[in-house]
Amino acid sequence: MGRLKVAPAALAGIVLCACGGSEPAASAGGAGIVARDALCGDHAWCDPGMTPEARTALLLDAMTLGQKISLLAGDDVFGSVTGEPANGTSEGIPELGIPTLYFSDGPVGPRKGRATAHPSPALLASTFDPELARETGAVIANEVRNKGAHVVHGPAVDIMRTPVAGRSFESYGEDPLLSARMGTAWIQGAQSQGVVANIKHYTANNQEGQFGILPLTGLVGGRFIVNAVVDERSLREIYLPAFEDAVREGGVGSVMCAYNRVNGAAACSSESLLTDILRGEWGFDGFVLTDYFFAQKNTTPALRAGTDLEMPVPILYSAAAIRLQMALGRVDEALIDERLGNILRTMFRFGFFDQPPFEENDAAIDQEAHARVAREVAEQGTVLLQNDGLLPLRAEDIGSIAVIGAADRIVSGGGSSAVAPFRQTNPLDGIRERAGDGVTVHFTDGSDADAAAALAAEADVAIVFAAVELSEGVDRPCLALSCRGDRPDQDALIERVAAANPRTVAVLQSGTPVLTPWRDRLAALIQAWYPGQEGGAAIARVLFGDVDPGGRLAATFPEREADLPTAGSVAAYPGLLIRAEYREGVLIGYRWYDEKAIVPAFAFGHGLSYTTFAYEDLAVDADGVSFTVHNTGDRAGTTVPQLYVGMPDPAPGIVQPPLQLKGFDKLALAPGERADVRIPFEARSFAYWNAAADAWTTAPGCYRIAVGASSRDIRLEGRLARAGGACE
Ligand code: BGC
């Protein structure tokens, strides 16, 4: 048995910190710590032997008010070390030994020149493998520092409230526990490189807005203006856990406050979110920066609530704006010290005063090692949704393959997660290469459905690719592959190809779930998400069975658009002009489908292997569950056993989703191999947010314990009494 791991060789050349998850490697890679005189100078705060707190206090004492204010905002929108456009700077103060900070996107890779373009976060989450998230965070941050930047704007942990949202490909899907596990591991990987992770977008940043609902008003529910109206319990149970875990477990250095409002308050001026919860309850000691340009909505409320750095340039934290508020008596210097102190303390913590600036040097990037991580993630996150036995393909049994549609490019998301790849293998090339000389591969782009059907009819196997573009800035108008008049009509194309050849496989390069009304006519269906620069090779390896498809869905594929938790009410989504009411409450994703007894097309957690697994012998004790997993097929393969808990309704009117993910594992087993699995319970495994008590509460009662291969494929059941309750 093996827990899945990227071969250590894949990370050769990447210096990983041995100092635990929450502490950065101040000297990881690069030139390491050099003599203090050469950098910070001879000032009292330049002594690396002192604590970051003590150094910050000394430095603040030595600064003028003007110097302090100048550090509360960025300075150059596209600034970078070399001047090649990147994601901004905050100028230092050389005479005080304060270095300039450089910032970089993002969750899929750096956005400066060329970089390794990783699979989208929705795919990464579908690996159900936090180790791969850790490795992805590490290799992205390694590139970020080799491009001279100190802060990486990632991960993005906003929950996929609706799959039509323009940025939902950047999300880790619809489940808060999965998002938390992946986000925290990514952060630990990134910070092991001595780079500050900047988790985003805090919080309820779940939509970009829709064109055309009400003509004349522009974008309805647009991200810069929308007010997400979310009840406290849903915030705590759905939208905050990934941020909370990142702070408590991941030691994240920085948080990006979002463009939107939450319950009326701008996210960057919310005392509830920034003062009470983030710092007060969770103990966050890093710094908060604003999303770029329109997240900062005011000066004094943001300063008071806890926004430390306005990005990318000073507007509401300009010297004039802040000094005016000071003159009016609304802001004093102690508040400025508090804000700036958070930035400086984090810079001391990460060693930025004590080491030379990160050098910009693409040549130091181990492109091969990073590409191996990207490919392994793509393989482990690709989801085999259905298969009548056609897959895996055997090149020796096939004379010809018709490749149709969007196979001649890698599809990726637009906006700040768009990365210019170092290199790219598209699926067509990947299939050609893997099929070898003995197989004739024909290609047509699908713009002519008749020609595509004719090509498919003559081939032994047809593989039809569909592409769905998502981008920051605007949501998709519908959930179908092709919305209202889009050309080519990819739904019709799949239907035509499948009608022409029963041995048809469809491969979706779509950032999020889509509607699959034609799926019964296919031999197999693969969700490839946005697979990143190595996606073509990864898809080919999955198709030909060189690797078992490792992915399990991080988000539900609905049968109909009307089944979405946000459907049926403009007030819920995209909102009435600027107000989006999260009416579904905690019932997001599979929680909704289960509670409403709606059968999805493909359930959360679903994904097939080329082998079969039996889950056996469940034992439930107070601390966790144990069971055995058995590879009952004749191929090696991967399985993702998932632990769900069904909570009793604690009181009338408090809805509990029938099942909630509380743990998972991922195993690779040889044919016939058995493995014992243990999934421990955690403090919150049985708790719900009790709004009346303003606290996590475990209700007395009998809890359903379910272990399955998806949220709708429960294989083992048990019960457990908690909090003084009893199981009859
Ligand atoms: C996005 C952020 C991104 C920033 C810098 C903003 O528009 O919302 O996610 O990090 O730009 O590119």
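Here, the structure is the one placed above.
All figures in this text were calculated on a predicted structure; none of them were measured in a lab. (Residues numbered from 1 in each chain as written. Predicted model: local features only at pLDDT ≥ 70, side-chain atom pairs only at ≥ 80, totals over all residues. Heavy atoms only, no water.)

Can you walk me through empty space enclosed by the protein in this structure?
Here the idea is plain: a probe the size of a water molecule rolls over the atoms and shows the empty space left. In the structure shown here, the tally under the stated rule is four cavities of 30 Å³ or more. Each residue belonging to the lining of the largest cavity can be placed in one class, and the counts come to four nonpolar, six polar and five charged. (1 Å grid on protein atoms, 1.4 Å probe; cavity = no way out; pocket = protein on both sides within 12 Å on 5 of 7 lines; lining within 4 Å. Points joined across faces, edges and corners; volume = space filled by probe spheres on them. Nonpolar A, V, L, I, M, F, W, Y, C, P; charged D, E, K, R; others polar.)

Where do I start with the state of the cysteines in this structure?
What is meant by a disulfide is a covalent connection between two cysteines, made through their sulfur atoms. In the structure shown here, the tally under the stated rule is four disulfides. Shown here is the disulfide that connects C40 with C46, its sulfur atoms set 2.0 Å apart. Judged by the torsion about the S-S bond (-70 degrees), the C40/C46 disulfide is left-handed. On the basis of relative accessibility, which here comes to 3%, the residue C40 falls in the buried class. Judged by relative accessible area, which is 0%, C46 ranks as buried. (Disulfide = S-S within 2.5 Å. Buried < 20%, exposed > 50% of the residue type's maximum accessible area, 1.4 Å probe, protein only.)

I'm lost on the site of the ligand in this one. Help?
Surveying the vicinity of the ligand reveals 14 residues, the closest of which are D105, R167, H201, D291 and E472. Residue R111 places a side-chain N or O atom 3.1 Å away from an oxygen atom belonging to the ligand. At a separation of 2.6 Å, an oxygen atom of the ligand approaches a polar side-chain atom of D291. Taken by itself the ligand offers 310 Å² of open surface, and the protein chains cover 93% of this. Among the residues forming the shell around the ligand, the class breakdown is three nonpolar, four polar and seven charged. (Near = heavy atom within 4 Å. Polar contact = N/O pair within 3.5 Å; in protein donor to acceptor, adjacent residues only side chain to side chain. Areas by Shrake-Rupley, 256 points an atom, 1.4 Å probe, with all protein chains shown as cover.)

When you look at the nonpolar core in this model, what are you seeing that I'm missing?
Side chains of a nonpolar character, in soluble globular proteins, are inclined to be buried together. Ranked by internal contacts, the top residues of the largest apolar core, which has 152 residues, are M63, Y202 and L344. Tallying contributions element by element places helix α5 (residues 176-191) first for this core, with eight residues. Setting aside its immediate chain neighbours within four residues, M63 contacts K68, L71, I93, L96, I98, L340 and L344. Core analysis: the next-biggest nonpolar cluster, separate from the first, contains 30 residues, L393, A435, V439 and F544 among them. (Core = buried A, V, L, I, M, F, W, Y, C linked by side-chain atoms within 4.5 Å. Helix = DSSP H or I, 4+ residues; strand = E, 2+ residues; numbered from the N terminus. Contact = heavy atoms within 4.5 Å.)

Explanation requested: the side chain of S482 in the structure shown.
Tracing the backbone shows S482 in the loop between β14 (461-468) and α15 (490-500). A polar atom in the side chain of S482 sits 3.4 Å from the backbone oxygen of P488. Ignoring sequence-local partners within four residues, the contact set of S482 consists of P488, D489, Q490 and D491.

Help me understand the packing of aromatic side chains, please; the structure alone is not making it clear to me.
For any pair of aromatic rings, geometry is given as the distance between the ring centres together with the angle between the planes. The final tally for this structure, using the stated rule, is 19 aromatic pairs. Geometrically, the ring pair formed by F293 and F294 is tilted, given 6.1 Å between the ring centres and 40 degrees between the ring planes. A ring pair is formed by Y590 and F604, whose centres lie 4.6 Å apart and whose planes are at 25 degrees; its orientation type is stacked. Of this pair, Y590 sits in helix α17 (residues 590-595) while F604 sits in the loop between α17 and β18 (613-621); the two residues are 14 residues apart in sequence, bridging distant segments of the chain. Taking the relative accessible area as the measure of exposure, Y590 reaches 1% and is therefore buried. Seen from the ring of W689, R236 lies directly overhead, with NZ or CZ sitting 4.1 Å from the centre. It is R519 that lies over the ring of F602; its NZ or CZ is 5.4 Å from the centre. (Phe/Tyr/Trp six-rings, centres within 6.5 Å; stacked < 30°, edge-to-face > 60°. Lys NZ or Arg CZ within 6 Å of the ring centre and 35° of its normal.)

Please clarify how helix α8 (residues 271-281) should be interpreted in this entry.
An α-helix turns once every 3.6 residues. As a result, residues three or four positions apart point the same way. Residues of α8 that are buried: L273, L274, I277, L278 and R279. The buried residues of α8 occupy an angular sector of 160 degrees when projected down its axis, which confines them to one face. Backbone geometry just after α8 places G283 at a positive phi near 75 degrees. (Arc of directions from axis to C-beta.)

Sorry if this is basic, but what is going on with the sheet that holds strand β19 (residues 624-631) here?
Strand pairs in the sheet, formed through backbone hydrogen bonds, run parallel or antiparallel to each other. Spatially, the three strands line up as an open sheet ordered β18-β19-β24, and their pairing is antiparallel. A strand with exactly one partner marks an edge of an open sheet, and here the two such strands are β18 and β24 (674-680). When the angles between neighbouring strand axes are averaged without regard to direction, this sheet yields 20 degrees. Pairing geometry for β19 and β24, over seven bridges, is antiparallel. Bridged to S626 within β24 is R678. (Pairing = 2+ DSSP bridges. Axes fitted to C-alpha atoms, helices over the stretch in contact; angles between N-to-C directions.)

What is the right way to read the environment of G148 from this model?
Its place among the elements puts G148 in the loop between α4 (130-146) and β4 (151-153). Looking at G148, the relative accessible area reads 1%, which means it is buried. C-alpha of G148 to C-alpha of G222: the two residues are 74 residues apart in sequence and 33 Å apart in space. If near-sequence neighbours (up to four positions away) are discounted, G148 is found in contact with V81, Y102, F358, E359 and E360.

So what exactly am I meant to see when it comes to the sheet that holds β14 here?
Strand order in this open sheet of six strands is β11-β16-β15-β14-β12-β13, and the pairing throughout is mixed. Every interior strand has two partners, whereas the edge strands, β11 (383-387) and β13 (440-444), have only one. On average, each strand axis in the sheet is tilted by 15 degrees relative to the strand beside it, whichever way the strands run. As judged from the four bridges shared by β11 and strand β16 (residues 524-527), these two strands associate in the antiparallel manner. Note that in β16 the partner of L384 across the bridge is I526.

Sorry if this is basic, but what is going on with the layout of surface pockets here?
Estimated volume of the largest pocket: approximately 910 Å³. Contributing to the lining of the largest pocket are 38 residues, with L177, A180, R181, D245 and E682 lying nearest its centre. When residues of the lining of the largest pocket are traced back to their parent elements, those giving at least two are α4, α5, α6 (232-239), α7 (241-248), β22 (660-664) and β25 (687-690). Among the elements that line the lining of the largest pocket, the one with the most residues is α5, at seven residues. Among the residues forming the lining of the largest pocket, the class breakdown is 16 nonpolar, four polar and 18 charged.

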